[in-house]
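# Results of the structural survey
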Amino acid sequence: MQHIAVLTSGGDAPGMNAAIRAVVRTGLYHNMQVSGSVAGYEGLINNEFRDMNSASVGNIIQRGGTILKTARSKRFMTPEGRKQAYENLKARGIEGLVVIGGDGSFRGAEVLATEYPDIRVIGIPGTIDNDLFGTDFTIGYDTAINTVVEAVDNIRDTASSHNRLFFVEVMGRDAGLIALRSGIAVGAEAILIPETQTHVDKLIAQLERGWKRQKSGHVIIVAEGDDAGGAFKIAELVQQKFDKLETKVAILGHIQRGGNPTCMDRVLATRLGYESVEALLAGKNRVMVGQKAGKVEFTPLSQAVKHIMDVNDTILKMAEIMSL
Ligand code: F6P
């Protein structure tokens, strides 16, 4: 393999730059040409590539976002879009593609590699949601949960000064992992996630209990994809039956997607970036490279996207006991 390309796709995640850097430098170490596709699959279709050298990935390991830009490409979902992408890759002599992204990006990669088997594809899990099967953590998750923890600690200060009830909405359209882990770390009074049913009456009973024992300030973490609705909706439902505490809503939004990656994310990204190139050279195809229990593991892309969070009842029980 002489020439590979790397791209970032879907929602950006802190640590994507560190992964790009590792892919580029490992490729160069093996005397390969490395191209960067601009704005994910859009770059493949538009034939917009950057020649990557060692200097082009200098001084980026600590930066959030992605120097290659990212997009959610609708055109790549069409056979015509993928054909154009394939022809551009072929014309440049690119034989291997490293896709850094989440489930939507991997679905696209899997279809491309199935339709055009002479392009080998490796996925690197890059999403703040941590919702891929085959890796304990995705790149960006650790940074995102630490951002949430810092923000909610600040909110907790003002919540307890005013004896207020806060509903804090965190990202996770389909997955509650950001909410669950950060909720435990901030000592949330309740954690509402899409994977479990939210019972407003139970929530109110918990709030009554806290109010009776004169808790100063309550913080409820709500994943944006919770079945009962977002933070505003749930706050409204609760307020209709429980008006003992003044209620506020905070939506953390995209601050969770930016910022300097944590040490954990930088190291994970570097390791997976390095392993992705080694995997292409070893002939691997249509797999995601992940890390489980400290070891590098490969999972078919088609399996990696089938993540359904195994909600650990003990963890949920523990979180509840901690808020009593
Ligand atoms: O997939 C990552 C993610 O941050 C989700 O948690 C969130 O629902 C979504 O992206 C938001 O996407 P966008 O930035 O396109 O609004």
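For the structure, check the block above.
On a predicted model such as this, the values are computed, not experimentally measured, just so you know.

With that settled, the discussion passes to the site of the ligand. Neighbouring residues of the ligand: Arg72, Ile128, Asp129, Met171, Gly172, Arg173, Glu224, His254 and Arg257. Gly172 places a main-chain nitrogen or oxygen 3.2 Å from an oxygen atom of the ligand. The contact in question runs from an oxygen atom of the ligand to an N or O atom on the side chain of Glu224, over 2.4 Å. Burial of the ligand by the protein amounts to 77% of the accessible area it has alone, namely 400 Å². Most atoms of the ligand, that is more than half of them, are within 2 Å of grid points of the largest pocket. Across the shell around the ligand, the residue classes break down as 2 nonpolar, 2 polar and 5 charged. Composition of the shell around the ligand by domain shows at least three residues from each of domain 1 (3-140 + 261-304) and domain 2 (143-257).

On to the sheet that holds strand 9 (residues 247-251). Strand order in the open sheet formed by 4 strands is 7-8-6-9, and the pairing between neighbours is parallel. The open sheet has two free edges, formed respectively by strand 7 (190-192) and strand 9, since each of these has just one partner strand. The mean inter-strand angle of the sheet, taken between neighbouring strand axes irrespective of direction, is 20°. Note that strand 6 (residues 165-170) and strand 8 (residues 218-223) share 6 bridges and pair parallel. Each bridged residue has a counterpart across the sheet, and for Leu165 the counterpart in strand 8 is His218. Helix 8 (residues 231-241) contacts strand 6, strand 7, strand 8 and strand 9 of the sheet and is inclined by roughly 170° relative to strand 9.

Before going further, it helps to examine the layout of surface pockets. One number sums up the size of the largest pocket: a volume of about 720 Å³. Residue lining of the largest pocket: 35 residues in total, with Gly10, Gly11, Arg72, Asp103 and Arg173 positioned closest to the centre. Of all the elements in the fold, those that place two or more residues in the lining of the largest pocket are helix 4 (103-115) and strand 6. At 6 residues, the largest contribution of residues to the lining of the largest pocket is made by helix 4. Residue classes in the lining of the largest pocket are distributed as 9 nonpolar, 14 polar and 12 charged. Viewed by domain, the lining of the largest pocket spans two of them, domain 1 (3-140 + 261-304) and domain 2 (143-257), each represented by three or more residues.

Cut-offs used in this document
- Residues numbered from 1 in each chain as written.
- Predicted model: local features only at pLDDT ≥ 70, side-chain atom pairs only at ≥ 80, totals over all residues.
- Heavy atoms only, no water.
- Near = heavy atom within 4 Å.
- Polar contact = N/O pair within 3.5 Å; in protein donor to acceptor, adjacent residues only side chain to side chain.
- Areas by Shrake-Rupley, 256 points an atom, 1.4 Å probe, with all protein chains shown as cover.
- 1 Å grid on protein atoms, 1.4 Å probe; cavity = no way out; pocket = protein on both sides within 12 Å on 5 of 7 lines; lining within 4 Å.
- Sits in = over half its atoms within 2 Å of the grid points.
- Nonpolar A, V, L, I, M, F, W, Y, C, P; charged D, E, K, R; others polar.
- Domains from an automatic or database assignment.
- Pairing = 2+ DSSP bridges.
- Helix = DSSP H or I, 4+ residues; strand = E, 2+ residues; numbered from the N terminus.
- Axes fitted to C-alpha atoms, helices over the stretch in contact; angles between N-to-C directions.
- Contact = heavy atoms within 4.5 Å.
- Points joined across faces, edges and corners; volume = space filled by probe spheres on them.

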